[in-house]
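Chain by chain, the residues run as shown.
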Amino acid sequence: MKYSGWPDPGELVVGKIDEIEDFGVFVDLEEYEEKRGLIHISEVASGWIKNVRDHVREGQIVVCKVLDVDEGSQQIDLSLKDVNDHQRSDKIQEWKNEQKADNWMELAFGEEIDDEVYTAIANELIAAHGGLYDGFKQAAIHGEEALADTDLDDDEIESIVDTARENVSVPYVNVTGYVDLENPSPSGVDGIREALEAAEGNGEVPEEVDLEVSYVGAPEYRIEVQAPNYKTAESELEESADRAIAAIEGHGGAGEYHRERRTDDE
């Protein structure tokens, strides 16, 4: 996906060097439709430059800072020397991530997706999360909730979430659920305590999973799970609640699992 507008002064952009002249370098902007910028020789590198080709080559991918934009004359002035190594690395990674997300869009909606439909869906993700990649990443972590405030329809949201969970790698995901536990039987508090220990896994939770159960407000308890991926997190969350419910029912009590909090704020 390429933006149809213009970059802003101060913005970092990714470009491919298209033409090298004695006075400077022409760069095709990879993120903007039909936009080309110029790096004047004085902005290629610090100090005196004898030969521009000693510093750049045609076809090279570079990260530049936008110095000025003149839409009237279709001119974009760029600087190569004003971008440090850290900025360059971060921007290239961001650009590569957006390319991945562009491929995920095709996986989600097919290679024959209409350009207008593609743009409309992409704009919703960008508006909600700042970019295609972050939109898919949030969908992988939080599911449908990550897209609840968009104008995407249910089928579009389902396609994005399914594709994200199959393709997006995230360091870990956090999910939260709640279980209500009531025990009017003689075992009372002891029965509740046993149910909570069961919810915590009795030492049998996988090493890569962090699971914590905490009190919210009678009869509600919060279950928080951190896991390497969404499927594992959801599975461990539901299994934790099932263990607690089975334990409390064994004492003659009752339990109920739900995803949204019901008690008042603490």
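Predicted, not measured: the structure shown is a model, and the values here were computed from it.

A.B. asks: Describe in detail the overall build of the chain, supporting the description with residues and values.
C.D. replies: The number of helices and strands found in the chain is six helices and nine strands. What you see for the chain is a C-alpha radius of gyration of 27 Å, clearly larger than the 18 Å of a compact globule of 266 residues, by over 25%. Taking the principal axes of its C-alpha atoms as reference, the chain extends roughly 90 × 40 × 30 Å. The burial tally for the chain puts 41% of its 266 residues in the buried class. The long-range share in the chain, meaning contacts at least 24 apart out of those at least 6 apart in sequence, stands at 62%. Surface accessibility of the chain: about 14900 Å² in total, with carbon and sulfur atoms responsible for 41%. On the chain, the mean spot of the 22 positive side-chain charges and the mean spot of the 67 negative ones are 9 Å from each other.

A.B. asks: How would you summarise the packing of helix α1 (residues 85–109) against helix α2 (residues 115–129) if you had to cite specific residues and measurements?
C.D. replies: The interhelical angle for the contact between α1 and α2, taken along N-to-C directions, is 120 degrees, at an axis separation of 12 Å. With respect to α2, the element α1 is oriented oblique. As for the relative orientation of α1 and α2, their crossing is right-handed in sense. Residue-level contacts link Asp 102, Met 105 and Phe 109 of α1 to Tyr 118, Ile 121, Ala 122 and Leu 125 of α2. Partitioning the contact of α1 with α2 into residue classes produces six nonpolar, no polar and one charged.

A.B. asks: Can you tell me about the nonpolar core, naming the residues and giving the values?
C.D. replies: The biggest cluster of nonpolar side chains holds 46 residues, and the ones touching the most others in it are Met 105, Phe 136, Leu 147, Ile 160, Leu 181, Ile 223 and Val 225. In terms of residues, this core owes the most to one element, helix α6 (residues 230–250), which gives eight residues. Non-local contacts of Met 105, meaning those with residues more than four positions away in its chain, are made with Gly 110, Tyr 118, Ile 121, Ala 122, Leu 125, Leu 132 and Phe 136. Core analysis: the second largest hydrophobic core is formed by 19 residues, Ile 17, Tyr 32, Val 44 and Ile 49 among them.

About the criteria used
- Residues numbered from 1 in each chain as written.
- Predicted model: local features only at pLDDT ≥ 70, side-chain atom pairs only at ≥ 80, totals over all residues.
- Heavy atoms only, no water.
- Helix = DSSP H or I, 4+ residues; strand = E, 2+ residues; numbered from the N terminus.
- Rg over C-alpha atoms; globule rule 2.2 N^0.38 Å.
- Buried < 20%, exposed > 50% of the residue type's maximum accessible area, 1.4 Å probe, protein only.
- Contact = heavy atoms within 4.5 Å.
- Areas by Shrake-Rupley, 256 points an atom, 1.4 Å probe, with all protein chains shown as cover.
- Lys, Arg positive; Asp, Glu negative; His and termini not counted.
- Charge placed at Lys NZ, Arg CZ, Asp CG, Glu CD.
- Axes fitted to C-alpha atoms, helices over the stretch in contact; angles between N-to-C directions.
- Parallel < 35°, antiparallel > 145°, perpendicular 65-115°, else oblique.
- Left-handed = near helix turned anticlockwise from the far one by under 90°.
- Nonpolar A, V, L, I, M, F, W, Y, C, P; charged D, E, K, R; others polar.
- Core = buried A, V, L, I, M, F, W, Y, C linked by side-chain atoms within 4.5 Å.

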